[in-house]
Amino acid sequence: MRTVVMTGAAGGVARHLRPLFAGAFDRLILSDRRGPADLRADETFRAADLGDPDALHALLADVAGVIHLGGCAREDGWHAVRAANIDGLYNLYEAARRRGVERLVFTSSNHAVGFYPRDRRLDADVRPRPDSRYGVSKVFGEALGSLYARKYGVRSFNIRIGNVADRPADRRRMAIWLHPEDLAQLIRIGLDHPDVVDDVVYGISDNAGAWWENARAHALGYRPKHRAEDHAVDDVARAAEPAGDRIGDRFQGGPFCAREFAGGLADRD
Ligand SMILES: NC(=O)c1ccc[n+]([C@@H]2O[C@H](COP(=O)([O-])OP(=O)(O)OC[C@H]3O[C@@H](n4cnc5c(N)ncnc54)[C@H](O)[C@@H]3O)[C@@H](O)[C@H]2O)c1
């Protein structure tokens, strides 16, 4: 692909992806509110706030694809979630539409479906059950992507990411872990595959204990190279989840479900 913009380039996921995408496109423009502290001399950075439509319009000139990592990446108050992930994402899609951007890869989240119990195996067509204001914003992002794809021709590829890390951290993340190289592979599918229109896939590696069925990703050629069980399974499996309790342990979203949970478990799953 020609010119690609990566938003959220100063964040944690971008730190994994930047070296993996070095030289992958004709041009890669990194963007965030402020540049990453470890910006290399061969990397290009342009500041843009998702709340600033003019800055986004300038950013997306002559851009073919966007890898959108920017915004609020955890639970927060409504104002913060809305500013970055609702209004900010709308601003970004509007800039993409006006600039004729071909594709936008959206980093959605498992928290869009976090209130499903762990014994339910989900496919990508399952009705959303967000576990947080953050999760609601990811459902919104997937819906906005569908609108912009079907109405305006900005193809969207929505990856419901589990947890990106070099290795799984605990029992819950054994199921939802995603190695950065596998995420990079999914992003390339989103940017390149001719059949992508407004797809939703799960961002997980080839984990034996996965809660999600990823048929669409596999049909598009996704072949994850990593598996949670290859990483010191005994140690990881024994580790307690940080906020593990009867609510968090019951649902896929874990501590996101437990936070602010009111009342009993009856009729909740
Ligand atoms: N880290 C994970 O395992 C994981 C899991 C599921 C989904 N995701 C999603 O992946 C994406 C990247 O996650 P991350 O862990 O790197 O998050 P992060 O918080 O480390 O990075 C997000 C970046 O967005 C930038 N940002 C925030 N508000 C902005 C605004 N108004 N304008 C411009 N930039 C703004 C921040 O400066 C930050 O650098 C997020 O969309 C997140 O929801 C991540």
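Residue positions are given per chain, counted from 1 along the sequence in the order it is written. Local features in this predicted model are restricted to residues of pLDDT 70 or higher, and side-chain atom pairs are both shown and tallied only at a pLDDT of 80 or more, whereas totals for entire chains, interfaces and linings draw on every residue. Values shown for side chains rest on all heavy atoms present in the structure; no hydrogens or waters enter the calculation.

Undergrad: If you had to explain the overall build of the chain to someone new, which residues and values would you point to?
TA: Looking only at helices and strands, the chain has 10 helices and 9 strands in total. Each radius of gyration is computed over the set of C-alpha atoms, and the globule rule expresses the reference value as 2.2 Å times the number of residues to the power 0.38. Compactness check: the chain gives a C-alpha radius of gyration of 18 Å against a globular reference of 18 Å for 269 residues, within 12% of the reference. Across its three principal axes, the chain shows a C-alpha extent of roughly 50 × 35 × 35 Å. For the chain, with 269 residues in total, the buried portion stands at 52%. Counting only contacts in the chain whose residues sit at least 6 apart along the sequence, the fraction spanning at least 24 positions is 67%. Accessible surface computed for the chain: about 12,000 Å², of which carbon and sulfur atoms make up 46%. We score Asp and Glu as negative and Lys and Arg as positive, and we do not count His or the chain ends. Where a charge sits is defined by one atom per residue type, namely NZ (Lys), CZ (Arg), CG (Asp) or CD (Glu). Of the side chains in the chain, 39 bear a positive and 39 a negative charge, and the two mean positions are spaced by 2 Å. Under the scheme used here, helices are H or I runs from DSSP no shorter than 4 residues and strands are E runs no shorter than 2 residues, and both carry numbers assigned from the N terminus. Residue burial is assigned from relative accessible area. The probe radius is 1.4 Å, only protein chains are included, and a residue is buried under 20% of its type maximum, exposed over 50%, and partly exposed in between. Only heavy atoms matter for contacts: two residues are in contact if any of them lie within 4.5 Å across the pair. Computed by Shrake-Rupley with a 1.4 Å probe, the accessible areas treat only the displayed protein chains as cover when residues are assessed.

Undergrad: Kindly report on the pattern of salt bridges, identifying the contributing residues and their values.
TA: Any Lys or Arg side-chain nitrogen found within 4 Å of a carboxyl oxygen on Asp or Glu counts as a salt bridge. Summed over the entire model, instances satisfying the criterion amount to 15 salt bridges. Among the ionic pairs, aspartate 42 bridges to arginine 40, the shortest N-O distance being 3.0 Å. Of the charged contacts in the structure, one is a salt bridge between arginine 227 and aspartate 206, with a shortest N-O distance of 3.4 Å. Of this pair, arginine 227 sits in the loop between helix H7 (215-219) and helix H8 (233-238) while aspartate 206 sits in the loop between strand E9 (198-203) and H7, and the two are 21 residues apart along the sequence. Using a relative accessible area of 30% as the deciding quantity, one classes arginine 227 as partly exposed. For aspartate 206, a relative accessible area of 35% translates into the label partly exposed. Beyond isolated ion pairs, a larger network of salt bridges with shared partners links Arg18, Asp38, Arg40, Asp42 and Glu43.

Undergrad: Hey, could you go over the site of the ligand for me, with residue numbers and the actual values?
TA: The ligand sits among 24 residues. The nearest are Val13, Asp32, Leu50, Tyr134 and Val164. Throughout this description, a polar contact denotes any pair of N or O atoms lying within 3.5 Å of each other; where both atoms belong to protein, one of them has to be capable of donating a hydrogen while the other can accept it, and for residues adjacent in sequence the pair is counted only when both atoms sit in side chains. The contact in question runs from an oxygen atom of the ligand to an N or O atom on the backbone of glycine 11, over 3.3 Å. One of the side-chain nitrogen or oxygen atoms of aspartate 49 is found 3.1 Å away from a nitrogen atom of the ligand. Within the residue set of the shell around the ligand, elements represented by two or more residues are helix H1 (12-20), strand E5 (103-109), helix H4 (133-152) and strand E7 (163-164). Any residue that is not Ala, Val, Leu, Ile, Met, Phe, Trp, Tyr, Cys, Pro, Asp, Glu, Lys or Arg is counted as polar, Gly included; the first ten are nonpolar and the last four charged. Partitioned by chemical class, the residues of the shell around the ligand number 9 nonpolar, 10 polar and 5 charged. For each residue, the test is whether any non-hydrogen atom lies within 4 Å of the molecule or strand; if one does, the residue is near.

Undergrad: Could you give an account of the sheet that holds strand E6 (residues 155-161), naming the residues involved and the relevant values?
TA: Only strands that DSSP links by at least two bridges are regarded as paired with each other. Taken together, the 7 strands give an open sheet; going across it, the order is E3-E2-E1-E4-E5-E6-E9, and neighbouring strands pair in parallel fashion. Each edge of the open sheet carries a strand with a single partner, namely strand E3 (44-47) and E9. Neighbour-to-neighbour, the strand axes of this sheet turn through a mean angle of 20 degrees, independent of strand direction. Inspection of the sheet shows strand E2 (residues 27-32) paired to E3 by 4 bridges, in the parallel sense. Across the sheet, the residue bridging to aspartate 32 is alanine 47, located in E3. Whenever a helix is involved, its axis is fitted only over the stretch in contact; in every case the axis is a line through C-alpha atoms, and angles between N-to-C directions fall within 0 to 180 degrees.

Undergrad: Tell me about the side chain of glutamate 75, residues and numbers included.
TA: Along the polypeptide, glutamate 75 turns up in the loop between strand E4 (65-68) and helix H3 (78-99). A distance of 2.9 Å separates a polar atom in the side chain of glutamate 75 from the backbone nitrogen of tyrosine 134. Filtering out sequence-adjacent residues up to four positions away, glutamate 75 remains in contact with Val81, Ser132, Arg133, Tyr134, Phe256 and Arg259.

Undergrad: Go over unusual backbone geometry, please, and point to the residues and values.
TA: One can expect most non-glycine residues to show negative phi and most peptide bonds to be in trans. Although it is not a glycine, aspartate 62 sits at a positive phi angle of roughly 60 degrees. Inspection of the secondary structure assignment puts aspartate 62 in the loop between helix H2 (53-59) and E4. For aspartate 267, which is not glycine, the phi torsion reads 65 degrees and is therefore positive. With respect to the secondary-structure elements, aspartate 267 resides in the segment after helix H10 (255-258). With relative accessibility at 81%, the residue aspartate 267 sits in the exposed group.

Undergrad: Explain the packing of aromatic side chains to me, using residue names and the numbers behind them.
TA: Classification of ring pairs uses Phe, Tyr and Trp, with its six-membered ring standing for Trp, and accepts pairs whose centres are within 6.5 Å; under 30 degrees between planes counts as stacked, over 60 as edge-to-face, and the remaining range as tilted. On inspection of all chains with the given rule, the structure shows 8 aromatic pairs. Note on tyrosine 134 and phenylalanine 256: the rings are 6.0 Å apart at their centroids and 50 degrees apart in plane angle, and the pair reads as tilted. Here tyrosine 134 is found in helix H4, whereas its partner phenylalanine 256 is found in helix H10, with 122 residues between them in sequence. Counting as a charge over the ring demands two things of the Lys NZ or Arg CZ atom: a distance within 6 Å of the ring centre and an angle within 35 degrees of the ring normal. Looking at arginine 97, its charged tip hangs above the ring of tyrosine 152, at a distance of 5.3 Å from the centre.

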